[in-house]
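Observations on chain architecture
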Amino acid sequence: MKIQYLGHSCFKLTESTGTTVITDPYKGVGYEMVGGQTADAVTVSHSHYDHDNVSAVGGNPQIIAKEGFYDLPGVEINGIKSYHDTEEGKLRGENVIFKFRMDGLDICHMGDIGEECSAELLEMLLPVNILLIPVGGTYTIDSEQAKEYVDRLMPDVVIPMHYRSRHSTIDLDKAQPFLDEFDDEDVDVCRKDVLEFFRDDLTEERTKVILMERTKSNDR
């Protein structure tokens, strides 16, 4: 399966037979989403402007914004209820974590997770091969809290999202504090917008952190 980083918390996931899902399309973050995107489905973790710009995605996609199980050709999606803050949604509301089963891989998009890492939530999320997790703090978990999720979920690959890049106008931390939580040998600043993953390739004993770079920008 392929993962394309479109910026902020938005990724395009493509299953080997061609089924595509776009997560959390955005606007108003200081830069525009890469245009001309189409998908079979769009997942929305919560209804904030920088995560629910579904009109930016063409192709008449199915919009998935609630917890529950969904089936697409070759793709299984599980929406898991969580919270955008540490007070069970009283500050910023609910958040839907989406797990995708594609080509034998479990990909987890944490949305704007704000709640602390708990045994109950971990049980619903495991197993995870590829973790897409916010690291910028302010509105979500910060770098230290994100590291705790990584340590307890033990994914093969972690891809940071929802952090302050060069052109961001949202008050977020940069990705570097999160990268600093790991040994240098476990971090790859790849400067690519598309990566391809195969189940048989994910055999590392240690978690690999990959910082991707969105198309048409050298944001960092």
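Report follows, based on the coordinates.

Each value, and the rule that gives it
Residues numbered from 1 in each chain as written. Predicted model: local features only at pLDDT ≥ 70, side-chain atom pairs only at ≥ 80, totals over all residues. Heavy atoms only, no water. Patch = residues over 30% accessible without salt bridge, like charges linked within 9 Å, V, L, I, M, F, W, Y side chains within 5 Å. Areas by Shrake-Rupley, 256 points an atom, 1.4 Å probe, with all protein chains shown as cover. Salt bridge = Lys/Arg side-chain N within 4 Å of Asp/Glu carboxyl O. Lys, Arg positive; Asp, Glu negative; His and termini not counted. Charge placed at Lys NZ, Arg CZ, Asp CG, Glu CD. Helix = DSSP H or I, 4+ residues; strand = E, 2+ residues; numbered from the N terminus. Buried < 20%, exposed > 50% of the residue type's maximum accessible area, 1.4 Å probe, protein only. Phe/Tyr/Trp six-rings, centres within 6.5 Å; stacked < 30°, edge-to-face > 60°. Lys NZ or Arg CZ within 6 Å of the ring centre and 35° of its normal. Polar contact = N/O pair within 3.5 Å; in protein donor to acceptor, adjacent residues only side chain to side chain. Contact = heavy atoms within 4.5 Å.

1. Comments concerning a negative patch on the surface
A grouping of Glu144, Asp180, Glu181 and Asp184 is seen on the molecular surface, where their side chains present a negatively charged patch. You can see Asp180 is positioned in the loop between α3 (176–179) and β12 (187–189). Judged by relative accessible area, Asp180 falls into the exposed class, the value being 54%.

2. As for the packing of aromatic side chains
Counted according to the given criterion, the structure contains four aromatic pairs. Geometrically, the ring pair formed by Tyr5 and Phe11 is tilted, given 4.9 Å between the ring centres and 40° between the ring planes. For the pair Tyr5 and Phe11, one class covers both residues: buried. The ring of Phe182 has Lys147 sitting right over it, with the charged end atom 5.1 Å from the ring centre.

3. With respect to the side chain of Thr207
When you line up the elements, Thr207 lands in the loop between β13 (194–196) and β14 (208–211). A distance of 2.6 Å separates the side chain of Thr207 from the backbone oxygen of Pro155, its partner in a polar contact. Leave out the neighbours within four places in its chain, and Thr207 touches Val150, Met154, Pro155, Asp156, Val158 and Asp186.

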